[in-house]
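# Residue-level structure breakdown
Chain by chain, the residues run as shown.
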Amino acid sequence: MTKDIDLAKFLTRERHNVHLIGVAGSGMSGIAGLLLQLGHQVSGSDKLDSLETDRLQRLGLKFYQQHRAADARDAELVIYSSAIKSDNPILKSARENGKRTVRRAEALAAIMAAKRGILVVGMHGKTTTSAMTAHMLREGGLHPSHYVGAEIPILGANAHWDGRGEFFVAEGDESDGTIALFHPEHALVLNIEEEHLDFYADLAAIENVFRQLLAQTTGKVFYCADEPNATRICRSSDRIICYGLSDEADYRATDIELRNFSSAFWVYRGKERLGEAVLNVPGEHNVRNALGVIALATELGVPFEKIAKSLTKFQHARRRFEIKYDSPRFLLVDDYGHHPTEIKATLKTARSVGRTRVLTMFQPHRYSRTKALRKEFGHAFDQADRVVITDVYGSNESPMPGVTGQLIVDEIAAHGHCGVSYQPRLEWVHRDLGNLLEPGDLVLSLGAGNIHEQLSILAADLVIAEKLKEIVGEIGDVRLYEPLSKHTTLRVGGPAQFWVEPRNETALSELIRFCRRDNLPLFVIGRGSNLLVRDGGIRGVVVHPSGGDFDKIDIHGNEMTAGVGAKLKEIAYAARAADLGGLEWMEGIPGAVGGALRMNAGAMGAQTFEKVVRVRYLDGEGNPHDKNRDELEVHYRHFPLLEQNFAVSATFRGSPAPREQIESRLHESQEKRRTTQPIAKSAGCIFKNPEKCPAGKLVDELGLKNSSIGKARVSEVHGNFIVNDGGATATDMLELIDRIKQAARSKRGIELETEVQIVGEPI
Ligand code: EPU
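What you see is a predicted model, and the numbers here were worked out from it, not measured in a lab.

### Looking at the overall build of the protein
Along its length, the protein carries 22 helices and 40 strands. Seen through its C-alpha atoms, the protein measures out along the principal axes to roughly 105 × 60 × 45 Å. A burial count over the protein gives 56% of its 763 residues as buried. Counting contacts in the protein only where the partners sit at least 6 residues apart, residues at least 24 apart contribute 66% of the total. Approximately 31300 Å² of the protein is accessible, and the part contributed by carbon and sulfur atoms is 46%. If the 95 positive side-chain charges of the protein are averaged to one point and the 101 negative ones to another, these points end up 2 Å apart.

Spelled out as structure tokens, the structure:
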């Protein structure tokens, strides 16, 4: 094929072999769809596959998940995305062989030239507005063909060729100057402002491209009268029609009522009242966009009743204020907004929805935009209560030194916002916001990259969290991604995916059944005094039985029944109040009953099961059992029953003793602790005492006291304690434990076993 073909004829009236480079992109896949419907043999290559490439393959696309020249050997025409570099093997080979290669927009302009083209342009709202245009003309019976930049459920696909109709509605992409390639019949100009400064030198350069498009528009130019730049640039064209909220607009909206997810307004053409419209998407900016479409459709002869009906049926494109989760307690919304103006508009809409707080996650898109508009970004989040910013999604750009999400965070903070933070790890963004959630919150993800995946993860977890909340009821508590460093005495550990606090046996039993049925891992944590949670946290449900029945201590005769959440220290003091002796040593153990049972904790030469008479627990199916001491198998620092079962309460037996004797034993225990154990944050003894020598003594003799890794340090007071000097990680702790074990093994031939329970996942 020679280079001087008539591209419009080639693409719309003949059948050829065409290859698309970068076919998985949202724009390129639309072209592929059109070409398949026009009867071409279409092949395409991309390093990624997508839902779109799957769909197109079913329609006949030959897809290659790599760029190899040989795969496009038979192509007569090669169409390439702006993201494709000139050294792409297919592009290079096509050019060397004298084949015609065209950019996506050239192909689109040529396809449009075969019909009466309607081009929707502007910096913000193009996809919604072009989709609304195609939908309205379709409802008006005009059988339009269309090409829009995203998946549009109501239109069926992002692109469609309808041989019956005259019109072709397309979204023009101004980002690379290619809108100047189009010669539409009508243009709909939404807004014009500084954007894509990677391509344009300044606003003047952007204006030139728009002026050229307008000069090439043969029919009417529709523009938004509320947009100063659009007004200035379009006003000088012939055959202009303006729309907006201002009184001067040819098509106007009045009495606008913004509802949760829709807007109602009256439409006027000049002084003539056309009727009432209810637009089924939220936000005042969309009222303006709809007015532009109403103006265009009216001028094309679509009756107002059909226009009004189509607006009530309209549904958003994916990622345009798309509701991902909606319950009375929480609302999760995803939006594609990535320019400060779009962010402000979306936040305004989010505010108007009537929830209590708006929490936002934002992924800046492109280094060039982040750098150029950083000041504007600093002002864009005023309407958000909390903002988490992640790193820049580069698209096809290479990183620029100093241009990170932190830049935007600094601008937002400098502007006076107190609720902004930086999370450079994209995969953790959902955690940061999820852990802040309170009933009444709206969570908004913003950005043109892949931030929406974070919201989807949050939405999926929220579905489970809400069920868990139902189980524990009003008195219980459920939190997402709760940092376990807050719930362990060592103060290290990553988050719990679901943190659940039941307050009674019924709720705990329900939780066990729920996790079993839904295949969710379940882990019980008490006071976290003997626990080392790895930095990646714990997946699944982490149950913390506390408060309510779980904290109760009942005394009956010489026996005391305590819930698993009751602190051992409190049992020691309750025993004193009831003049029961033999439980004084419990004062020195920082944990609660559950943990003490689980590991048969001990101090001052005594251990838990010496005093236990009965244990109540739930089995793996949530059924209760009561077992007497003689039915239970117990070892030094180990109680196997609780590996698969869940303790509810235990009954301890004390022996009547004079108050002074109890006081003196309590004092002895306190003194022992005060003089031999560190007060710094720790998990108690790290190792079980080996038979030959107490672990603390061994570590001491090995000369490892005070040795440290990161902020984890072997206590100088007691060798079997590792303390957190502030900010230690689980990784620091584990490395230090390993160092001690190796030294004990190589120097003393002793295999140390950890007493502290090590759980969770590495980062
Ligand atoms: N020792 C040293 N150097 C040290 C630490 C200890 O030489 O750095 C010597 C002590 O002088 C003593 C012997 O080692 O002769 C044992 O030490 P200690 O009396 O402190 O008792 P332990 O066996 O280290 C146990 C429990 C503690 C409990 C205390 C007090 C274990 C693994 N630890 O410690 O429990 O508080 O007795 O009754 O059984 C816990 O399990 O988390 C815990 C703190």
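### Considerations on the site of the ligand
Around the ligand, a shell composed of 20 residues is seen, among which Met-604, Arg-637, Lys-672, Asn-689 and Glu-755 lie nearest. Measuring from an oxygen atom of the ligand, one finds a backbone N or O atom of Gly-719 at 2.7 Å. Alone, the ligand offers 820 Å² of accessible surface; in the complex the protein occludes 76% of this. Contributing elements (two or more residues each) for the shell around the ligand: β30 (602–603) and α21 (695–701). At 3 residues, α21 tops the list of elements feeding residues into the shell around the ligand.

### Notes on the packing of helix α9 (residues 284–299) against helix α10 (residues 304–313)
For the pair α9 and α10, interaxial distance at closest approach is 10 Å and the crossing angle is 150 degrees. With respect to the hand of their crossing, α9 and α10 are arranged in right-handed fashion. Between α9, through Ala-290, Ile-294, Ala-297 and Thr-298, and α10, the contact on the second element is made entirely by Phe-304, Ile-307 and Leu-311. Residue composition of the contact of α9 with α10, grouped by class: 6 nonpolar, 1 polar and no charged.

### Comments concerning the sheet that holds strand β13 (residues 251–258)
If you walk across this open sheet you meet the 10 strands as β8-β7-β9-β6-β10-β11-β12-β13-β14-β15, and the pairing is mixed. Strand pairing shows two members of the sheet lacking a second neighbour, β8 (159–160) and β15 (272–279), which therefore form its edges. Bridge count between strand β6 (residues 116–121) and strand β10 (residues 186–189): 4 bridges; the pairing is parallel. The residue of β10 that forms the bridge with Val-120 is Leu-188. Each of β6, β7 (145–147), β8, β9 (167–171), β10 and β15 is contacted by helix α6 (residues 126–139), which is oriented at about 165 degrees to β9, the strand it contacts most.

### Focus: the side chain of Glu-584
The topology assignment puts Glu-584 in the loop between β29 (580–581) and α19 (593–598). Glu-584 sits in the buried class, given a relative accessible area of 5%. Side-chain polar atoms of Glu-584 contact the backbone nitrogen of Gly-582, separated by 2.9 Å. Filtering out sequence-adjacent residues up to four positions away, Glu-584 remains in contact with Ala-572, Ile-662, Arg-665, Leu-666 and Ser-669.

### Considering the environment of Thr-731
If you trace the backbone, Thr-731 turns up in helix α22 (residues 730–748). Judged by relative accessible area, which is 39%, Thr-731 ranks as partly exposed. Here the alpha-carbon distance between Thr-731 and Ala-249, two residues 482 residues apart in the chain, equals 65 Å.

### Some points on the pairing of strand β34 (residues 646–653)
Working note: regular strand, side chains alternate between the two faces of the sheet. Of all 8 residues in β34, 7 are buried, a share of seventy percent or more. Direction of pairing for strand β28 (residues 559–563) relative to β34: antiparallel, over a ladder of 5 bridges. Counted as the bridge partner of Thr-561 is Thr-651 from β34. Of the pairings in the sheet, the one linking strand β32 (residues 612–618) to β34 comprises 6 bridges and is antiparallel in character. Directly across from Arg-614, in β34, lies its bridge partner Thr-651.

### Here's the deal with the pattern of salt bridges
Enumeration over the complete set of coordinates arrives at 53 salt bridges. Across the pair Lys-705 and Asp-700 runs a salt bridge whose closest N-O atoms are separated by 3.3 Å. Given a relative accessible area of 39%, Asp-700 falls into the partly exposed group. Three or more residues joined by partner-sharing salt bridges are found here, namely Asp-477, Arg-479, Glu-482, Lys-486, Glu-501 and Arg-503.

### Structural notes on the environment of Cys-685
By the secondary structure assignment, Cys-685 is in the loop between β36 (681–682) and α21. Of the residues examined, Cys-685 reaches a relative accessible area of 23% and is grouped as partly exposed. If near-sequence neighbours (up to four positions away) are discounted, Cys-685 is found in contact with Asn-530, His-718, Asn-720, Phe-721, Glu-755 and Val-756.

### Details of the sheet that holds strand β33 (residues 624–628)
Spatial strand order, β27-β28-β34-β32-β33: 5 strands in an open sheet with antiparallel pairing. Unpaired on one side and paired on the other, β27 (553–556) and β33 mark the two borders of the sheet. Averaged over all neighbouring strand pairs, the angle between strand axes comes to 15 degrees, with direction disregarded. Packed on one face of the sheet, helix α17 (residues 505–517) meets β32, β33 and β34 and runs near 50 degrees to β32.

### Topic: the packing of aromatic side chains
Counted according to the given criterion, the structure contains 5 aromatic pairs. Considering the side-chain rings of Phe-609 and Phe-639, the 4.5 Å spacing of their centres and the 50 degrees angle between planes classify their relative orientation as tilted. In this pair, Phe-609 is assigned in the loop between β31 (606–607) and β32 and Phe-639 in the loop between β33 and β34, connecting sequence segments 30 residues apart. According to the relative accessible area criterion, Phe-609 is buried, its value standing at 4%. Residue class for Phe-639 comes out buried when judged on its relative accessible area of 0%.

### Section: the packing of α6 against α10
Running from N to C, α6 and α10 cross one another at 130 degrees; their axes reach a closest spacing of 9 Å. By the angle between their axes, α6 is oblique relative to α10. Seen from above, α6 lies across α10 with right-handed handedness. Where α6 abuts α10, its residues Met-132, His-135, Met-136 and Glu-139 lie against Lys-306, Ile-307, Ser-310, Leu-311 and Lys-313. Across the contact of α6 with α10, the residue classes tally to 4 nonpolar, 2 polar and 3 charged.

Thresholds, definitions, all that
- Residues numbered from 1 in each chain as written.
- Predicted model: local features only at pLDDT ≥ 70, side-chain atom pairs only at ≥ 80, totals over all residues.
- Heavy atoms only, no water.
- Helix = DSSP H or I, 4+ residues; strand = E, 2+ residues; numbered from the N terminus.
- Buried < 20%, exposed > 50% of the residue type's maximum accessible area, 1.4 Å probe, protein only.
- Contact = heavy atoms within 4.5 Å.
- Areas by Shrake-Rupley, 256 points an atom, 1.4 Å probe, with all protein chains shown as cover.
- Lys, Arg positive; Asp, Glu negative; His and termini not counted.
- Charge placed at Lys NZ, Arg CZ, Asp CG, Glu CD.
- Near = heavy atom within 4 Å.
- Polar contact = N/O pair within 3.5 Å; in protein donor to acceptor, adjacent residues only side chain to side chain.
- Axes fitted to C-alpha atoms, helices over the stretch in contact; angles between N-to-C directions.
- Left-handed = near helix turned anticlockwise from the far one by under 90°.
- Nonpolar A, V, L, I, M, F, W, Y, C, P; charged D, E, K, R; others polar.
- Pairing = 2+ DSSP bridges.
- Salt bridge = Lys/Arg side-chain N within 4 Å of Asp/Glu carboxyl O.
- Phe/Tyr/Trp six-rings, centres within 6.5 Å; stacked < 30°, edge-to-face > 60°.
- Parallel < 35°, antiparallel > 145°, perpendicular 65-115°, else oblique.

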